[in-house]
Amino acid sequence: MRQFGAYLSTENGDHLNSGIGPRLVHNSESRSGFLLPNKIFSKKLDVEICGLNLELLHAPGETDDQIVVWVKNTRALLAADNFYRAFPNLYAIRGTPTRDAVQWVGSLDLMRGLLPLHLIPSHSRPLSGQQFIFETLTAYRDAIQYVHDQTVRLINKGLGPDEIAHQVRLPEELEKHPFLQEFYGRVEWSVRGIFAGYLGWFSGDALDLSPLARPVRASHLAHLAGGPSSLLQKAKEAFEKEEYQWSLELAHSLMVCKEADSGVVEEATRLKSECLRRLGSQQTSANGRNYYLTQALENDGLLRLEPGHSQILQAIKSSSLDHLFQVLAVSLDPQRALGLNQTLLFHFDDDDQEEFPFYYLHVRHSILEVKKLSNPFPADIRVRINSEVWREILAKQKNPVVAYAQGLVNIEKGSELALVTFLRIFS
């Protein structure tokens, strides 16, 4: 939600736009929704709706499942999220895999090849005029290809992501194009995303193989500056020179520096927030502005981003057992599970679990292995339970001890204490 500025105030001017629209309304009570498709296709699907003939075309771009809609008799093209009046979001800073730039270019070629008279994006205003649309889509796809190709060219020259991100700039005619302004995506983020998509996290420079932990690096910086107080002064001087990124880096270092006293940390925390606000105010990208300003609120202790209880409950209630056990595996606390080698067999007695009613859990080496079985398997603890009761326990709506006392949990092998102890290794 940082990217969309969902928690920024409009009253003080922090929130100007959510990038995808004027405002994305979201709070701790908001619900997510998902409708499964009732019809699937590979490349093209012809449908008629209210007497209107539509061609649904698979056009992967901003996401792999993008579908553009071609209304042939009016030569109108609904562009989905593959085109909008801003430089495309080839990488979303909210956290996603990098969008496939080559695939996106191919979809734009498909779209401009239709020679539409009207182009209707899901975000920003419609366009009309065949030649205007063709030229605009051409510039849009060329900008994506340019960033992709030049990133790969510099990768092949041995440059790392930081160096490439500071070198790749759109040609002037594209940089000034009204549909390619960095109001949403940014070239710099796109470069880093493309690099990571091809090569992963490692820059190729041995310097980055095992970088110092931030607190260790912070201690070295403080020592070089003559101590934490001197480093704080350097951070303040950088701020006064409007070198906000450098000031931000120094301030953050002081916040994690073990040698810094509480007074220095407090000043550094305030300075970091102010740096974030200044950097946010300089952004043309709504995403960038929102992210900086939201993190400033978090740094001030005024905002804590975490799902509300009702959101957690909704997620648990709507998830399959398979998914819930996958989440359980990545919730294992390695310190709590240290030295533990134990197995547990869940037997779910729901009618819809008849094919695979058993889930076998094995904790060892501080990992959880999960197997879905059609038949029982020997285990240290064996529990018979209904999946709804299990969901209520996971959502902390029901205490496992109380559920056991109510007869909702049947421990067929092992003890109540063994079950509770097992569950406590998950955070």
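Residues numbered from 1 in each chain as written. Predicted model: local features only at pLDDT ≥ 70, side-chain atom pairs only at ≥ 80, totals over all residues. Heavy atoms only, no water.

Draft legend 1. Spotlight on the packing of aromatic side chains. According to the stated counting rule, one finds 16 aromatic pairs in the structure shown. Judged by centre distance (5.8 Å) and plane angle (85 degrees), the ring pair of Phe-348 and Tyr-359 falls under edge-to-face. On the criterion of sequence distance, the pair formed by Phe-348 in strand β7 (residues 342-348) and Tyr-359 in strand β8 (residues 358-364) is long-range, its members being 11 residues apart. Taking the relative accessible area as the measure of exposure, Phe-348 reaches 1% and is therefore buried. The exposure class assigned to Tyr-359 is buried, which follows from its relative accessible area of 3%. Arg-85 extends its terminal NZ or CZ atom over the ring of Phe-179, reaching a point 4.5 Å from the ring centre. Directly above the ring of Phe-356 sits Lys-372, whose terminal nitrogen or CZ lies 5.1 Å from the centroid. (Phe/Tyr/Trp six-rings, centres within 6.5 Å; stacked < 30°, edge-to-face > 60°. Helix = DSSP H or I, 4+ residues; strand = E, 2+ residues; numbered from the N terminus. Buried < 20%, exposed > 50% of the residue type's maximum accessible area, 1.4 Å probe, protein only. Lys NZ or Arg CZ within 6 Å of the ring centre and 35° of its normal.)

Draft legend 2. Quick peek at the pattern of salt bridges. What the rule picks out here adds up to 26 salt bridges. The partner of Lys-44 in a salt bridge is Glu-55, and the shortest N-O contact between them spans 3.8 Å. With Lys-44 in strand β1 (residues 44-49) and Glu-55 in strand β2 (residues 52-58), the pair connects residues that are 11 residues apart, well separated along the chain. Of the residues examined, Lys-44 reaches a relative accessible area of 45% and is grouped as partly exposed. When salt bridges that share partners are traced, they join Lys-317, Glu-388, Arg-391, Glu-392 and Lys-398 into one network. (Salt bridge = Lys/Arg side-chain N within 4 Å of Asp/Glu carboxyl O.)

Draft legend 3. Spatial organisation of helix α1 (residues 101-113). When the terminal C-alpha atoms of α1 are compared, their 18 Å separation across 13 residues agrees well with the 18 Å that a helix rising 1.5 Å per residue should span. Against the buried residues of α1 lie β3 (67-71), β4 (76-78), β5 (118-120) and α2 (130-156). Measuring from the side-chain oxygen of the N-cap residue of α1 to the backbone nitrogen of Val-102 gives 3.1 Å; that N-cap residue is Asp-100. Once α1 ends, the next one or two residues include Leu-115, with phi positive near 55 degrees. (Expected span 1.5 Å × (residues − 1). Contact = heavy atoms within 4.5 Å. Polar contact = N/O pair within 3.5 Å; in protein donor to acceptor, adjacent residues only side chain to side chain.)

Draft legend 4. Up close: a nonpolar patch on the surface. Judged by side-chain polarity, Val-102, Tyr-198 and Leu-199 come together as a nonpolar surface patch covering roughly 310 Å² of accessible area. Mapped onto the elements of the fold, Val-102 is located in helix α1. On the basis of relative accessible area, Val-102 is assigned to the partly exposed category, the value being 48%. (Patch = residues over 30% accessible without salt bridge, like charges linked within 9 Å, V, L, I, M, F, W, Y side chains within 5 Å. Areas by Shrake-Rupley, 256 points an atom, 1.4 Å probe, with all protein chains shown as cover.)

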